Amino acid sequence: MSQQSNSKRIAVIEGDGIGKEVVSVGVALLERLAEARGYQFELVHFDLGADRFLRDGATFPEEDQQTIRETCDAVLLGALGDPRVPSLDYARDILFGLRFGLDLYCNIRPIQCLSDRLMPLKGKSAKDCDMVVFRENTEGIYVNVGGQFKKGTPDEVAINEDINTRKGVERVIRAAFDFAKAHGRGRVHMADKSNAMKHAHELWQRCFREVAADYPGIEAKHQYVDALCFNLIRDPSQFDVVVTNNLFGDIVTDLGAALQGGLGMAASANVHPGRIGLFEPVHGSAPDIAGEDKANPLATVLTIGMMMTHLGWPDEEARLVELVRRAVDEGKCTADVGGELGTRAVGEWVVSQIA
Ligand code: NAD
Ligand code: IPM
Ligand code: MN
């Protein structure tokens, strides 16, 4: 892996449903960026997802995990989830195999509304919505600790344990403050449910206060996550950086996507500073529109922007954000954001605009 050179190996996992359609736009964009700017991107395609699982039963083979871990600089993932495989075990194997396996503890999800036309709140405009959510990404209720007992009987019990470690909580809170400091953002909100979840979220409260003391120039605020959801809709302009746990971060960022113009506009980066990162749009495989050339690929364009920053080229991200803003303003977009183009045509337009 080389942080200095222009040469990067990028693992590509299309996954399922619209994942395939948006990743094909992402790949064309990466190829065009390489051609236009002299990057050397080696794209390594992995056949992972529902089709593969249904064909040979493989979910995330150890050799693929090793190749990604040891030889790649970044992963581009479309989405996983296919109605033909209701258990979704294969999807969790891949997604959590990457997030947990690579210890990518920050799931960074910007909630930025790029155009007044996309702002759904009465009396608000795009400038009122510009925040970044830091979602803890390696623990919480996602860790698969628990089990079922007396399944299928009237006495059945189902348990998912919520794991919160000092190390896990502290590092994501610190990352949120570091980000705020580095990007001139003056306020960090922490969202929890410490009024109900006395043990786990007392740890979040204490840790937040202690870490905040190391960043005297940044305002540290707390909101219970239910109130934060209320305030996201009432007045999103009060939020700058938000840090929260895995489950709340998942929910809050779909809510946030609605403020951006929909899931087709929401990007994410799963990172552990200094290591390989995983980049994926926030949306899922959208079986309701899969294969119809309707999926909005702009979240994937923004996601590639986040990948460029991670690889050392933040100017590329800034240019891609502006390009996406222009796509929306000029109607070079799909129906979900008010345009008339298909996925492929939006992708072709985006690629054509890279000078
Ligand atoms: P979803 O995000 O796939 O879709 C929710 C709604 O938003 C649908 O109506 C869909 O058509 C629309 N939508 C989503 N992305 C869009 C886009 N780019 N352009 C236009 N419209 C878009 O969520 P869901 O329906 O709850 O989940 C479907 C499957 O995806 C499930 O199996 C779920 O587990 C999975 N999922 C995977 C990921 C991931 O792999 N990272 C993320 C979320 C959901
Ligand atoms: C996301 C998704 C996943 C999550 C699902 C598919 C497990 O909703 O990336 O937001 O909850 O993390
Ligand atoms: Mn989600």
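Scroll up to find the structure this text is about.
Here the residue numbers are simple positions, counted from 1 along each chain's written sequence. Starting at A for chains and at 1 for ligands, labels are handed out in the order in which the entities are written. Predicted model: local features are reported for residues with pLDDT of at least 70 only, side-chain atom pairs are reported and counted for 80 or more only, and whole-chain, interface and lining totals are derived from all residues. Water and hydrogen atoms were dropped before computing side-chain values, which therefore reflect all heavy atoms in the structure.

**What to know about the site of ligand 1**
Whether a residue is near a molecule or strand is decided by its heavy atoms; if any one of them lies within 4 Å of it, the residue is near. Neighbouring ligand 1 are 19 residues, the closest being Leu80, Gly284, Ala286, Asp288 and Asn296. Definition of a polar contact: a pair of N or O atoms within 3.5 Å, with one able to donate and the other able to accept a hydrogen when the atoms are protein atoms, and with sequence-neighbouring residues admitted only if both atoms are side-chain atoms. Note that a nitrogen atom of ligand 1 is positioned 3.4 Å from one of the side-chain N or O atoms of His283. Contact between ligand 1 and Ser285: an oxygen atom at 3.1 Å from a main-chain N or O atom of the residue. Computed with a 1.4 Å probe, the accessible areas rest on the Shrake-Rupley method; for each residue, only the protein chains presented here act as cover. In isolation ligand 1 has 810 Å² of accessible area, and contact with the protein removes 67% of it. Across the shell around ligand 1, the residue classes tally to ten nonpolar, six polar and three charged. When residue character is reported, Ala, Val, Leu, Ile, Met, Phe, Trp, Tyr, Cys and Pro are called nonpolar, Asp, Glu, Lys and Arg charged, and the others, Gly included, polar.

**Regarding the sheet that holds strand S3 (residues 74–79)**
In spatial order, the strands read S2-S1-S3-S12-S11-S4-S5-S10-S8-S9; together these ten strands make up an open sheet with mixed pairing. Of all strands in the sheet, those bounded by a partner on one side alone are strand S2 (40–45) and strand S9 (219–224). Strand-to-strand twist in this sheet, taken as the mean axis angle between neighbours without regard to direction, amounts to 25°. Two strands are said to pair when DSSP picks up at least two bridges between them. Each helix is a run of DSSP H or I of at least 4 residues and each strand a run of E of at least 2, with the numbering of both proceeding from the N terminus. The pairing of strand S5 (residues 130–136) with strand S10 (residues 241–244) spans four bridges and is classified as parallel. Across the sheet, Phe134 pairs through a bridge with Val243, a residue of S10. Interaxial angles span 0 to 180 degrees and are taken between N-to-C directions of axes, which are lines fitted to C-alpha atoms, for helices over the stretch in contact.

**Overview of the packing of helix H1 (residues 18–37) against helix H11 (residues 343–352)**
Axis separation between H1 and H11 bottoms out at 10 Å; the angle between their running directions is 15°. If you check the angle between H1 and H11, you find them roughly parallel. Between H1 and H11 the crossing geometry is right-handed. In contact with Glu21, Val25, Ala28, Leu29 and Arg32 of H1, H11 contributes Thr343, Gly347, Val350 and Val351. When describing relative orientation, an angle under 35 degrees is termed roughly parallel and one over 145 degrees roughly antiparallel, while 65 to 115 degrees is termed roughly perpendicular and anything else oblique. Here a crossing is taken to be left-handed if its near helix is turned anticlockwise relative to the far helix by less than a right angle, and right-handed if that turn runs clockwise. Should any heavy atoms of two residues lie within 4.5 Å, those residues are counted as being in contact.

**With respect to the packing of aromatic side chains**
Stacked, edge-to-face and tilted labels apply to pairs of Phe, Tyr and Trp rings (six-membered ring for Trp) whose centres lie within 6.5 Å, assigned for plane angles under 30 degrees, over 60, and everything in between, in that order. Applying the stated criterion to the full structure yields nine aromatic pairs. Residues Phe41 and Trp313 carry aromatic rings whose centres are separated by 6.1 Å and whose planes lie at 55° to one another, so their mutual orientation is tilted. Residue Phe41 is located in strand S2, and its partner Trp313 is located in the loop between helix H9 (298–311) and helix H10 (314–329); the two are separated by 272 residues in the primary sequence. Chaining the aromatic ring pairs together yields one cluster made of Tyr39, Phe41 and Trp313. A ring has a charge above it when a Lys NZ or an Arg CZ is no more than 6 Å from the ring centre and no more than 35 degrees off the ring normal. Between the NZ or CZ atom of Arg135 and the centre of the ring of Tyr142, over which it lies, the distance is 5.1 Å.

**Some words on the site of ligand 2**
Every residue lining ligand 2 is accounted for by Leu95, Phe96, Arg99, Arg109, Arg135, Tyr142 and Asp250. At 2.8 Å from an oxygen atom of ligand 2 is found a side-chain nitrogen or oxygen belonging to Asp250. Within the complex, the protein chains bury 69% of what would otherwise be the 320 Å² of accessible surface of ligand 2. Element by element, the count of residues in the shell around ligand 2 is highest for helix H4 (residues 89–99), at three residues.

**Section: H11**
Taken residue by residue, H11 has Thr343, Val346, Gly347, Trp349, Val350 and Val351 as its buried positions. Residues of H11 that are buried in the fold lie against H1, H9 and H10. When a residue's accessible area, from a 1.4 Å probe over protein chains only, is under 20% of the maximum for its type it is buried; when over 50% it is exposed; and in between it is partly exposed.

**Describing the pattern of salt bridges**
Salt bridge criterion: a side-chain nitrogen from Lys or Arg within 4 Å of a carboxyl oxygen from Asp or Glu. Scanning all chains against the criterion turns up 29 salt bridges. Here Arg32 ties to Glu35 by a salt bridge, and the two come within 2.5 Å at their closest N and O atoms. Separated by three residues within a single helix, Arg32 and Glu35 lie in helix H1, roughly one turn from each other. Judged by its relative accessible area of 21%, Arg32 falls in the partly exposed class. The partner of Glu316 in a salt bridge is Arg319, and the shortest N-O contact between them spans 3.4 Å. Remark: Arg319 and Glu316 occur in helix H10; sequence separation between them is three residues, near one turn of the helix. Since its relative accessible area comes to 44%, Arg319 is described here as partly exposed. Each of Arg166, Glu170, Arg174, Glu210 and Asp214 takes part in a single network of salt bridges with overlapping partners.

**As for the nonpolar core**
By nonpolar core we mean a set of buried residues, namely Ala, Val, Leu, Ile, Met, Phe, Trp, Tyr and Cys, connected to one another through side-chain atoms within 4.5 Å. Phe41, Phe134, Ile173, Val243 and Leu298 are the most contacted members of the largest nonpolar core, which has 82 residues in total. If near-sequence neighbours (up to four positions away) are discounted, Ile173 is found in contact with Trp204, Cys207, Phe208, Val211 and Val243. The next biggest cluster of nonpolar side chains, apart from the first, holds 24 residues, and it includes Phe46, Leu48, Ile68 and Leu80.

**Regarding helix H7 (residues 225–234)**
Residues of H7 that are buried: Val225, Leu228, Asn231 and Leu232. Here the buried residues of H7 occupy an arc of 115° about the axis, which is enough to place them on one side. Directions are taken from the helix axis to each C-beta atom, and the arc is the one they span.

**A closer look at the packing of H7 against helix H8 (residues 246–260)**
Axis separation between H7 and H8 bottoms out at 10 Å; the angle between their running directions is 10°. Considered as vectors, H7 and H8 are oriented roughly parallel to each other. Listed contacts from H8 to Val225, Leu228, Cys229, Leu232 and Ile233 of H7 are Phe248, Val252, Leu255 and Leu259. Residue composition of the contact of H7 with H8, grouped by class: nine nonpolar, no polar and no charged.

**Focus: the side chain of Thr303**
On the secondary structure map, Thr303 appears in helix H9. Judged by relative accessible area, which is 0%, Thr303 ranks as buried. Look past the residues within four positions of Thr303 in its chain and what remains in contact with it is Ala267, Ser268, Phe279, Glu280 and Pro281.

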